[in-house]
Structure formats: structure tokens, C-alpha cells
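Next come the chains, spelled out residue by residue.
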Amino acid sequence: MALTLTLKQTLTIPLEVNLVNHESVSQQSTDIIRSLPVLHGNRRLAITDFFDVQQTSSDEDLVVWSGDCSRVKYIGAGLTTGRVRVEGNAGMHLGAEMSGGEILVEGDVSDWIATEMKGGTICVKGNAGDLVGSAYPGSKRGMNGGTILIHGNAGNEAGHRMRRGTIAIGGTSGDAIGFDMIAGSIFSFGKIGKQLGAGMRRGTIGLFGESNELELLPTFQYSCLYRPTWLSFFLRELMASGFPVSDDCFESDYRRYCGDFLAFGKGEILVRQ
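One numbering rule holds for all chains: residues counted from 1, following each sequence as written. Note on the predicted model: pLDDT of at least 70 is required for a residue's local features to be given, and 80 or more for side-chain atom pairs to be given and counted; whole-chain, interface and lining totals, by contrast, use all residues. Computation of side-chain values: all heavy atoms of the structure, hydrogens and water removed.

**Things to note about the environment of leucine 11**
Tracing the chain through its elements places leucine 11 in the loop between β1 (3-7) and β2 (15-16). On the accessibility criterion, leucine 11 (9% relative accessible area) is buried. Contacts: residue pairs with any heavy atoms within 4.5 Å of one another. Ignoring sequence-local partners within four residues, the contact set of leucine 11 consists of His40, Phe50, Arg71 and Val72. A helix here means a DSSP run of H or I that spans at least four residues, while a strand means a run of E at least two residues long, and both kinds are numbered starting from the N terminus. Relative accessible area decides the class of each residue, using a 1.4 Å probe on protein chains only: under 20% of the type maximum gives buried, over 50% gives exposed, and in between gives partly exposed.

Right under this line is the structure:
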């Protein structure tokens, strides 16, 4: 049965719900689920103090969070299987360290989503904050697998220290996208910020939006103008998932830049001609 949690009140203090997950609610009665602990500031309370908990439909392995959950942290954290749908906004650390399953957010999300993600898929229909798919402070690796689809804008340092996986951003991207990137792929379809790919070692950053004002760091070197064969397969996979991709992206040539030569220097930035 699908589980629906509907927010009862507007939150002013962040609420941490990392203990309310598929493992803790699977095959449990509604009464037990209502007693699951959450952290409201420094107070340990129950999920029923903030959410109306109902088993709603016949969809299996589905947890629905309904309402403005922009101050609800750790939704879908550690997800290994099943589906999570947020009918509204979501707070910080959405999908942190998840290794499987699917998360759909129908609104906006805050900072630090998919931190050190290992697998699965996150789709955000709205905007995302800073540090999408990044590493925790002091950690050597960020995202290490999976797919993140941001239909709107994203903040600064998306893909910070990412090792594997794909991040696609439909709108404007902030500064330092792919900062200290180890490997993986980041695709941007809107305007891009400054310090793109700073410190990247390997991986690909693809720019499919307007590039007239693009300023790359001097530690990147122009390589060639070509049309990568593999790129069309990546773009078709994005289209198959419902992510909008313009036909021009398939028909264009791309300027290839290599860098960052202050790091390992095996990364590439592809700019649509």
C-alpha cells in the first residue's frame, strides 16, 4: 500500500525525518508508522505530531510527502528501493546517500540534495539549491552513481567532487559547476556561472545553452571542433526519461576544451557551436 504523509502545519523550525523511510514503514501498521521518531530542532517527537499519516492506494513501495516540505530535511535519505514522491517543495539533504529507487519532487528543493548519492534517480520539476550531488565537508568523494534531473535552475557547486553518475540541469546553473570533479557527466541546458570545472580531473561537462558570454578558466585548452557519437545516446536517454532536449543539440558541432591542467587535466568541457 502507498503511504501518504500530509503536512498539518507550516514549519518554522527544520524537521529531520531520516528515520521515516521505506525500511521503517514496510509492512508496518499505520499506528506504528505514526509513532516513528523525528527531530524538530533539538526535540525528539513523533511523525504524527506534524503529518497526517494514511495508507492510500494500491501502489506498492510508494511514499508520498504532501505539502510545503521546504523545511523537512532528509526525505528519501539512504533510499535503496521503492519510490518517493514529494507533492510540493522539499528541504535539505533530499536523497542523501541513496543507492537505489526513485525520488520525484514536483516543486523546488533546497541545498545538499543527493549528497554522496550512489545510485537511483532523482527528478526535480522545479529549482534546486547549492551543492547538488556533492561531497560532505571533508569527504573525498561526492556523487558516486545514479542520475539527477533538475528541470529548473541549480545553485553553486553542483557535482562537487562527483565520481560517477549524471547530473542534468535544464535552467540556469550557478558558479563552480563540477568543482573538483573526479569523473561523471554534467549537462547544462541554460546559462552557466563562473569558474566552470575548476579543479576537475576527469569527466565531461556539456553546455547546450547560450554560450556567447562563456568565460572558461585559463587552465583549460581548446582541443577541437567535432560531433561526439556517444553524446546522442546520452541525450536520447534524457529524452526517454521526460527531460526536455532541443533538436539542435543533436545537429550541432561542439567545441572541446581539455583541463583543468592544474589538476589531472583529463576532463573535458563540450560547448555547443
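**Overview of the pairing of strand β11 (residues 144-150)**
Paired strands, as defined in this entry, are two strands with at least two bridges between them according to DSSP. Two elements, strand β10 (residues 121-124) and β11, share 4 bridges in a ladder whose sense is parallel. Bridging from a neighbouring strand, threonine 121 pairs with threonine 147 of β11. In this sheet, strand β12 (residues 164-169) lies alongside β11 in parallel orientation, the contact comprising 5 bridges. Looking across to β12, one finds that isoleucine 150 is bridged to isoleucine 169.

**Thoughts on the nonpolar core**
Grouping buried Ala, Val, Leu, Ile, Met, Phe, Trp, Tyr and Cys residues that are joined through side-chain atoms within 4.5 Å yields what is termed a nonpolar core. In this structure, Ile47, Phe51, Trp65, Ile75 and Leu94 are the most contacted members of the largest nonpolar core, which totals 55 residues. It is β1 that provides the largest number of residues to this core, a total of 3 residues. Leaving out residues up to four positions away in the same chain, leucine 94 has contacts with Ile75, Val86, Ile103, Val105, Val109, Trp112, Ile113, Ala114 and Ile122. In terms of nonpolar packing, the next biggest core, distinct from the first, is built from 15 residues, Ala168, Phe187, Val245 and Leu270 among them.

**Structural notes on empty space enclosed by the protein**
For each structure, a 1 Å grid was placed over the protein atoms alone; sets of points admitting a 1.4 Å probe that cannot get out are labelled cavities, open sets with protein on both sides within 12 Å along at least five of seven lines are labelled pockets, and lining residues have an atom within 4 Å of a point. Grid points are joined across faces, edges and corners, and a volume is the space filled by probe spheres set on the points. For the structure on display, the rule yields 2 cavities of 30 Å³ or more. There is about 80 Å³ of room inside the largest cavity. In terms of lining residues, the largest cavity is bounded by Leu3, Val20, Asn21, His22, Val25, Val63, Trp65, Gly76, Ala77, Leu79 and Val84. Going through the elements one at a time, α1 (22-25) and β6 (62-66) are the ones with two or more residues in the lining of the largest cavity. Each residue gets one label: Ala, Val, Leu, Ile, Met, Phe, Trp, Tyr, Cys and Pro are nonpolar, Asp, Glu, Lys and Arg are charged, and the others, such as Gly, are polar. Its residues assigned to classes, the lining of the largest cavity comprises 8 nonpolar, 3 polar and no charged.

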